[in-house]
Amino acid sequence: GFDAAAGGAGDADYQMVMDELFMPIAREFKPDLVLVSAGFDAAAGDPIGGCKVSAAGFGMMTRALRELAGGKAVLALEGGYSLRATAEALAACVAALFNDPPPPPPPPPPP
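Remember, it's a predicted structure, so these values are computed and weren't measured experimentally.

## Thoughts on a nonpolar patch on the surface
Right, so step 1: Together, Leu 33, Leu 35 and Val 74 make up a nonpolar patch on the protein surface, roughly 290 Å² of accessible area in all.
Right, so step 2: Note on placement: Leu 35 falls in strand S1 (residues 34–39).
Right, so step 3: Look at Leu 35 and you get exposed, because its relative accessible area is 65%.

## Description of the state of the cysteines
Right, so step 1: One pass over the structure, following the stated rule, counts 0 disulfides.
Right, so step 2: In this model Cys 51 remains outside any disulfide bridge; the closest cysteine sulfur is found in Cys 93, 15 Å from its own.

## Quick word on unusual backbone geometry
Right, so step 1: Its identity is not glycine, yet Ala 69 carries a phi of approximately 55 degrees, on the positive side.
Right, so step 2: Of note, Ala 69 is situated in the loop between helix H2 (55–65) and strand S2 (73–79).
Right, so step 3: Positioned with a positive phi, Asn 99 is a non-glycine residue whose angle comes to about 60 degrees.
Right, so step 4: Mapped onto the fold, Asn 99 is located in the segment after helix H3 (83–97).
Right, so step 5: In this structure Asn 99 comes out as exposed when scored by relative accessible area, which is 54%.

## Considerations on the side chain of Ser 82
Right, so step 1: Within the element layout of this structure, Ser 82 appears in the loop between S2 and H3.
Right, so step 2: Ignoring sequence-local partners within four residues, the contact set of Ser 82 consists of Gly 45, Asp 46 and Pro 47.

## Quick notes on the pairing of S1
Right, so step 1: In this sheet, S2 lies alongside S1 in parallel orientation, the contact comprising 6 bridges. Looking at S2, one finds that Leu 35 is bridged to Val 74.
Right, so step 2: In this fold, S1 hands off to H2, which returns the chain to S2; that crossover is right-handed.

## Here's the deal with the environment of Gly 49
Right, so step 1: For Gly 49, the position within the fold is in the loop between S1 and H2.
Right, so step 2: Gly 49 sits in the partly exposed class, given a relative accessible area of 28%.
Right, so step 3: Along the chain, Gly 49 and Arg 66 lie 17 residues apart, while their C-alpha atoms are 25 Å from each other.

## Let's talk about the layout of surface pockets
Right, so step 1: Of the voids in this model, the second largest pocket is the one considered here, and its volume is about 150 Å³.
Right, so step 2: Around the second largest pocket, the lining residues are Ala 55, Ala 56, Glu 88, Ala 91, Ala 92, Pro 102, Pro 103, Pro 104, Pro 105 and Pro 106.
Right, so step 3: No other element matches the 3 residues that H3 contributes to the lining of the second largest pocket.
Right, so step 4: Each residue belonging to the lining of the second largest pocket can be placed in one class, and the counts come to 9 nonpolar, no polar and 1 charged.

What counts as what
- Residues numbered from 1 in each chain as written.
- Predicted model: local features only at pLDDT ≥ 70, side-chain atom pairs only at ≥ 80, totals over all residues.
- Heavy atoms only, no water.
- Patch = residues over 30% accessible without salt bridge, like charges linked within 9 Å, V, L, I, M, F, W, Y side chains within 5 Å.
- Areas by Shrake-Rupley, 256 points an atom, 1.4 Å probe, with all protein chains shown as cover.
- Salt bridge = Lys/Arg side-chain N within 4 Å of Asp/Glu carboxyl O.
- Helix = DSSP H or I, 4+ residues; strand = E, 2+ residues; numbered from the N terminus.
- Buried < 20%, exposed > 50% of the residue type's maximum accessible area, 1.4 Å probe, protein only.
- Disulfide = S-S within 2.5 Å.
- Contact = heavy atoms within 4.5 Å.
- Pairing = 2+ DSSP bridges.
- Right-handed = clockwise from strand over helix to strand, strands pointing away.
- 1 Å grid on protein atoms, 1.4 Å probe; cavity = no way out; pocket = protein on both sides within 12 Å on 5 of 7 lines; lining within 4 Å.
- Points joined across faces, edges and corners; volume = space filled by probe spheres on them.
- Nonpolar A, V, L, I, M, F, W, Y, C, P; charged D, E, K, R; others polar.

Quick look at the structure:
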């Protein structure tokens, strides 16, 4: 398991951890399959997580994981505490799994 959650961490923080810590170790390990417990409480807008990872940030991490195990990856939805943030992040992850462009951001919620 790996959890980079830290108060206020955002895309740049998570990308740094992916690039400088997680991916080098994962490449050396050479997994046959990547399993991800995909929780989105680090998403911007989540009322509990306290982080600021955008949907694009989650997509970036998923795209990076496709480099491992010949692209064989399974994401199991764990949750999040904001339905909107979870839906946006999950859509970006699914797009990354299929090597599709990231989905456009949804319109803002009504006032």
